[in-house]
Amino acid sequence: IQYARNNFNVLLIGPHGVGKTTLMKEVVNILDKKFAYLSAPTLNPWIQLVGVPVPNKETHTLDMYRLKMLEEAEFIFFDELNRAPLNVLNAIYEIIQFKTINGHPLPNLKAAWGAINPPGGQYDVEDLDPALVDRFHVYINMTAHINRPYMEQYCSSDLVNKVTDWCEQSL
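About the cut-offs
Residues numbered from 1 in each chain as written. Predicted model: local features only at pLDDT ≥ 70, side-chain atom pairs only at ≥ 80, totals over all residues. Heavy atoms only, no water. Buried < 20%, exposed > 50% of the residue type's maximum accessible area, 1.4 Å probe, protein only. Helix = DSSP H or I, 4+ residues; strand = E, 2+ residues; numbered from the N terminus. Pairing = 2+ DSSP bridges. Axes fitted to C-alpha atoms, helices over the stretch in contact; angles between N-to-C directions.

A. Just the pairing of strand E2 (residues 35-39), in detail. Here E2 shows a buried face lined by Ala-36 and Leu-38 and an unburied face lined by Phe-35, Tyr-37 and Ser-39. Relative to strand E5 (residues 75-79), E2 is paired through five bridges, and the arrangement is parallel. Counterpart to Ala-36 in the pairing with E5 is Ile-76.

Here it is as structure tokens:
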């Protein structure tokens, strides 16, 4: 919560199912902030980030129309960041560092957070460019832990053992 209150850009790193996206949603809910969730691998950099150029007949220039949620968002969350194509990552750089798109300020944006699965292992993900990683103020490595006493309040010991075994094999 403190990172969000201080408008830090945060990169959440952890295996699938550990709660990276849930954590971000809880943070913005607690702080009551406008939130834009973007699944990075599925983004079209022009339509969903940079904007669509539309001719302005009065000024003889192009106006860039972008998603209203980007203009209104106080926090943007880029999920699965290290699965995104290069052209999407290039559009994200400026948003994270300067809170702008092609020099146009995102007027309400306080911070951009991202989530990645750990590179170099069981996931089909790319290493992020060090210049992109450097734009985050904080890196949080998330791991799952089974809280047996809590679970045993609600489940049989047999079920807790099975869940614990499954989690240890999956994570």
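So, next bit.
B. Just the sheet that holds E2, in detail. The parallel open sheet is built from five strands, whose spatial order is E2-E5-E8-E1-E9. In this open sheet, the two edge strands, each paired with only one partner strand, are E2 and strand E9 (138-141). Each adjacent strand pair in this sheet contributes to an overall mean axis angle of 15 degrees, direction not counted. Bridging between strand E1 (residues 10-13) and E9 involves four bridges; their strand directions are parallel. Each bridged residue has a counterpart across the sheet, and for Leu-11 the counterpart in E9 is Tyr-139.

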